[in-house]
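Each chain is listed here by its residues.
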Amino acid sequence: MEINEYALKFINEHVLTRMNNKKEFRSRVRDLYHTAYFDGLIPTVVFALAKATEDKVKNLDNGKNELNKTEEGYGFFILAIFKFLKEFLHINIQKITTEELIRVLKDKGIENKTLIYMRWLKYFAEAKIETGE
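Residues numbered from 1 in each chain as written. Predicted model: local features only at pLDDT ≥ 70, side-chain atom pairs only at ≥ 80, totals over all residues. Heavy atoms only, no water.

A. Summary view of the overall build of the chain. From N to C terminus, the chain includes seven helices and zero strands. In sequence order, the chain lays out its α and β elements as α-α-α-α-α-α-α. Here the chain has a C-alpha radius of gyration of 13 Å; the compact-globule value for 133 residues is 14 Å, and the two agree. Looking at the chain as a whole, 47% of its 133 residues qualify as buried. The contacts of the chain with a sequence gap of at least 6 include a subset with a gap of at least 24, amounting to 68%. Looking at the chain as shown, the accessible area adds up to about 6,800 Å², and 48% of this sits on carbon and sulfur atoms. (Helix = DSSP H or I, 4+ residues; strand = E, 2+ residues; numbered from the N terminus. Rg over C-alpha atoms; globule rule 2.2 N^0.38 Å. Buried < 20%, exposed > 50% of the residue type's maximum accessible area, 1.4 Å probe, protein only. Contact = heavy atoms within 4.5 Å. Areas by Shrake-Rupley, 256 points an atom, 1.4 Å probe, with all protein chains shown as cover.)

Below you can see the structure in the form of structure tokens.
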């Protein structure tokens, strides 16, 4: 499976089926990709995780969406990054914590692949989520 295929899989399996406000993900992933590209991936991920909170994203990973409207885009973005690292890149990351994400994302090779993945998430979110949803 290629990075673009994994991004589409995440959009189809998580965003389109589990999110209450899909438009929020579309907006967030666009903003966060731009921020990560220009300001750095680690600060962007830490910012998004702070907005959604670690506990709520952990619960989201366990199938329970407790995120409110403004947190949901950030939470699903973090979930997308976590699943990409763990499932696609097969990185040994067990917990959705700030410390674990920083530890893994310090590797430039992982950072580059994650940015490519984020770009594909942005493209697919723009293609599959209508602005009026």
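Following the structure, the description resumes.
B. Local environment of the side chain of glutamate 24. Looking at where glutamate 24 falls in the secondary structure, it is placed in helix 2 (residues 22-39). Judged by its relative accessible area of 11%, glutamate 24 is buried. A distance of 2.8 Å separates polar atoms of two side chains, one belonging to glutamate 24 and the other to arginine 28. Glutamate 24 has contacts with Lys69, Thr70, Glu72 and Gly73, leaving out every residue within four places of it along the chain. (Polar contact = N/O pair within 3.5 Å; in protein donor to acceptor, adjacent residues only side chain to side chain.)

C. Region of the structure containing the environment of asparagine 65. Position of asparagine 65 among the secondary structure elements: in the loop between helix 4 (54-61) and helix 5 (69-88). Overall, the relative accessible area of 27% leaves asparagine 65 in the partly exposed class. Taking C-alpha positions, asparagine 65 is 23 Å from glutamate 99, a pair spaced 34 residues apart along the chain. Other than its neighbours up to four places away in sequence, asparagine 65 contacts Arg18, Asn20, Leu60, Glu72 and Phe76. Among the polar contacts listed, one links the side chain of asparagine 65 to the backbone nitrogen of leucine 67, at a separation of 3.0 Å.

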